Amino acid sequence: MTTAASSTIAELQSRLSDLELSKTHEDVSGVIQKERTEMLLSLRKIMETMKAEAAEGGGASSKEVEKLRAENEELKKINAKQKYRIEHLVSNLRSVVDK
C-alpha cells in the first residue's frame, strides 16, 4: 500500500468512528430528552397536588394537629416513666453487682 492509500484508509476509519460516535450521542440524547419529559410531567402532577392541598387548607386540619400534640404529650409522659424505671433498675443492679 502507498502512503496516500494508507492515509485515505485512516481518514475513512476516523470518519466512520466519528459517525458511530455521533449516532451514539444522538441515541443518548434521545433517551435523556425522554427522561426529562417524564420528569417534567411528574413534577407538574406533584405541583398540582400541592396546589390542591393548599387550596383545601394545607393538609393537616387544626383538629389533627391538636390530636397529634395530645398524643405527643402522652408519649412524653410514658417516656419519662420508662426512663425513671430504667434508671432505678440500673441503680439496683449496680448495688447488687457491687456486693
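Residues numbered from 1 in each chain as written. Predicted model: local features only at pLDDT ≥ 70, side-chain atom pairs only at ≥ 80, totals over all residues. Heavy atoms only, no water.

## Digging into the overall build of the chain
Right, so step 1: Regarding its fold elements, the chain presents two helices and zero strands.
Right, so step 2: For the chain, whose C-alpha radius of gyration is 35 Å, the value lies well above the compact-globule estimate of 13 Å for 99 residues.
Right, so step 3: If you line up the chain on its principal axes, its C-alpha atoms span 100 × 60 × 10 Å.
Right, so step 4: Counting across all 99 residues of the chain, residues that qualify as buried make up 0%.
Right, so step 5: Taken as a whole, the chain presents about 9,500 Å² of accessible surface, with 59% of it coming from carbon and sulfur.
Right, so step 6: Within the chain, one finds 17 positive and 17 negative side-chain charges whose respective centroids are separated by 11 Å. (Helix = DSSP H or I, 4+ residues; strand = E, 2+ residues; numbered from the N terminus. Rg over C-alpha atoms; globule rule 2.2 N^0.38 Å. Buried < 20%, exposed > 50% of the residue type's maximum accessible area, 1.4 Å probe, protein only. Areas by Shrake-Rupley, 256 points an atom, 1.4 Å probe, with all protein chains shown as cover. Lys, Arg positive; Asp, Glu negative; His and termini not counted. Charge placed at Lys NZ, Arg CZ, Asp CG, Glu CD.)

## Quick notes on a nonpolar patch on the surface
Right, so step 1: A cluster of nonpolar side chains, namely Met-39, Leu-43, Ile-46 and Met-50, defines an oily patch on the protein surface of about 430 Å² accessible area.
Right, so step 2: Mapped onto the fold, Met-50 is located in helix α1 (residues 3-56). (Patch = residues over 30% accessible without salt bridge, like charges linked within 9 Å, V, L, I, M, F, W, Y side chains within 5 Å. Salt bridge = Lys/Arg side-chain N within 4 Å of Asp/Glu carboxyl O.)

## A short note on the pattern of salt bridges
Right, so step 1: Under the definition given, this model contains three salt bridges.
Right, so step 2: One salt bridge connects Glu-66 with Arg-69, and the closest N-O pair in it is separated by 3.5 Å. A residue pair is termed a helical-turn pair when its members lie 3 or 4 positions apart in one helix, as Glu-66 and Arg-69 do in helix α2 (residues 62-98) at three residues.
Right, so step 3: By relative accessible area, which is 48% here, Glu-66 ends up partly exposed.
Right, so step 4: Where Lys-76 meets Glu-73, a salt bridge forms, and the shortest distance between an N and an O atom there is 3.9 Å.

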